[in-house]
Amino acid sequence: KGGTKDAKPDNPNADTIAMLQSMCDHYTRNNEHWRVTAYRRAISALRQQSTKILTSSQAKDIAGIGDRLADKIEEIVTTGRLRRLEEAANEPNHEARELFLKVYDVGLQTAEKWIAQGYRTLDDLLERANLSRNQRIGVEHFDDLNTRIPRAEVEALGDHVRRVARELDSRVELLIGGSYRRGSDSSGDIDFIVTKKGTTASADLGPFLDELVGRLMRQGFLTAGLATSRSDTGNKWHGCCVLPKEEFPGDRTQYKPIWRRIDFLLVPETEFGAALLYFTGNDLFNRSMRLLGDKKGMCLNQRGLFRGVIRGPGRVKYTDGELVEGRDEKKIFEALGVQWREPHQRWC
Ligand code: DCP
Ligand code: MG
Ligand code: MN
């Protein structure tokens, strides 16, 4: 996840947040999930404070900030540093590891393998490493794919896809979810959620996805496919796109073709609300909504909110239960008995 996303420079805790975010990014790249969750909760809580938090005990009083994080906050405020972060920066081959982990489709194992093989730079990878097709795309377009997409460009990309989708089928409904829908100034990728009036099964949307991707590819708008999947939880397509110069928002002399990550999720109208809820996120918010469903004896997933789900050992599902709501996002909140939250309030 991008480091400085949504950091508001006018926040009194901006410096603290920036350093916690660096620590969080480190743990993210190293798959330390519990720490990542704790840091993200703390960052989110800190972002909502209107005064600067100076001490550990002030920090502990804030919901979402645990004892250890509170101590880290005090350390940052009093010393201007974070020892754990500096230790991480001193690990052998830290820079190469961080670099490799930013390549699409590269995890810790691969990064470590490449370091053990003696590679240190992206050129080393291009010239000598055994790269998968997707990894090669990730290396060749490293700078593009690690640049955040300004909101205006997300909108221009959205307009393009919407126009093409409507040309193919006028019944199509298309929304941009993800961080864009949550109001972010910039996004890591663009997340489309697509449905068609009158559809009731994921299979109804598969052919449309092929048509859409086919046409966008032929136009040169889509530049590479990375992953695709078809299942009853939806039709997914992940890839890259480039905004045409004529559609660049603002001064066209400033235009550069930049490869952007683009995701499509196509679902039937009957599951649109649940899919939209999922694809809007953020992931922590999704987790807390699902947990709430569990607590109320229901099950929330990408397809809907269900009641009467019977589970066996290891939470294995015996029955799918009965659908309570899938079509309408607001009604899912109602059925869960929670107050509606606008997308921009779904940071945690
Ligand atoms: N999502 C999730 N759990 C995951 C991955 C994704 O719940 N492990 C959901 C919530 C996300 C949405 O899918 O908000 C879109 O995923 P992205 O990875 O595109 O994340 P965002 O759009 O939120 O952020 P970014 O600006 O980095 O794309
Ligand atoms: Mg996204
Ligand atoms: Mn995405």
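Residues numbered from 1 in each chain as written. Chains lettered and ligands numbered in written order. Predicted model: local features only at pLDDT ≥ 70, side-chain atom pairs only at ≥ 80, totals over all residues. Heavy atoms only, no water.

Caption draft 1: Focus on the site of ligand 1. Inspection of the region around ligand 1 gives 17 residues, with Ser179, Arg182, Gly188, Asp189 and Asn286 positioned closest. Within the side chain of Ser179, a nitrogen or oxygen atom sits 2.5 Å from an oxygen atom of ligand 1. At 3.0 Å, a side-chain N or O of Asp191 approaches an oxygen atom of ligand 1. Relative to its free-state accessible area of 550 Å², ligand 1 is covered by the protein chains to the extent of 74%. When contributions to the shell around ligand 1 are tallied by element, the ones reaching two or more residues are helix 12 (178-181), helix 14 (272-280) and helix 15 (283-295). Classifying every residue of the shell around ligand 1 by side-chain character gives 2 nonpolar, 8 polar and 7 charged. (Near = heavy atom within 4 Å. Polar contact = N/O pair within 3.5 Å; in protein donor to acceptor, adjacent residues only side chain to side chain. Areas by Shrake-Rupley, 256 points an atom, 1.4 Å probe, with all protein chains shown as cover. Helix = DSSP H or I, 4+ residues; strand = E, 2+ residues; numbered from the N terminus. Nonpolar A, V, L, I, M, F, W, Y, C, P; charged D, E, K, R; others polar.)

Caption draft 2: Examining the coordination of the magnesium ion (ligand 2) more closely. Bound to the magnesium ion (ligand 2) on the protein side are Asp189 (OD) and Asp191 (OD), at distances that span 2.0 to 2.1 Å. Taken as a pair, the magnesium ion (ligand 2) and the manganese ion (ligand 3) show a spacing of 3.5 Å, with Asp189 coordinating each metal. Here Asp189 and Asp191 have matching classes, each one buried. (Donors = N, O, S within 2.8 Å, 3.2 Å for Na, K, Ca; no water. Buried < 20%, exposed > 50% of the residue type's maximum accessible area, 1.4 Å probe, protein only.)

Caption draft 3: Structural context of empty space enclosed by the protein. Tallied over the full model, the rule gives 1 cavity of 30 Å³ or more. Every residue along the wall of the largest cavity is listed here: Ala274, Leu277, Tyr278, Asn286, Met289, Arg290, Leu300, Asn301 and Gln302. Mapped by element, the contributors of at least two residues to the lining of the largest cavity are helix 14, helix 15 and strand 8 (298-301). Of the residues assigned to the lining of the largest cavity, the class counts are 5 nonpolar, 3 polar and 1 charged. (1 Å grid on protein atoms, 1.4 Å probe; cavity = no way out; pocket = protein on both sides within 12 Å on 5 of 7 lines; lining within 4 Å. Points joined across faces, edges and corners; volume = space filled by probe spheres on them.)

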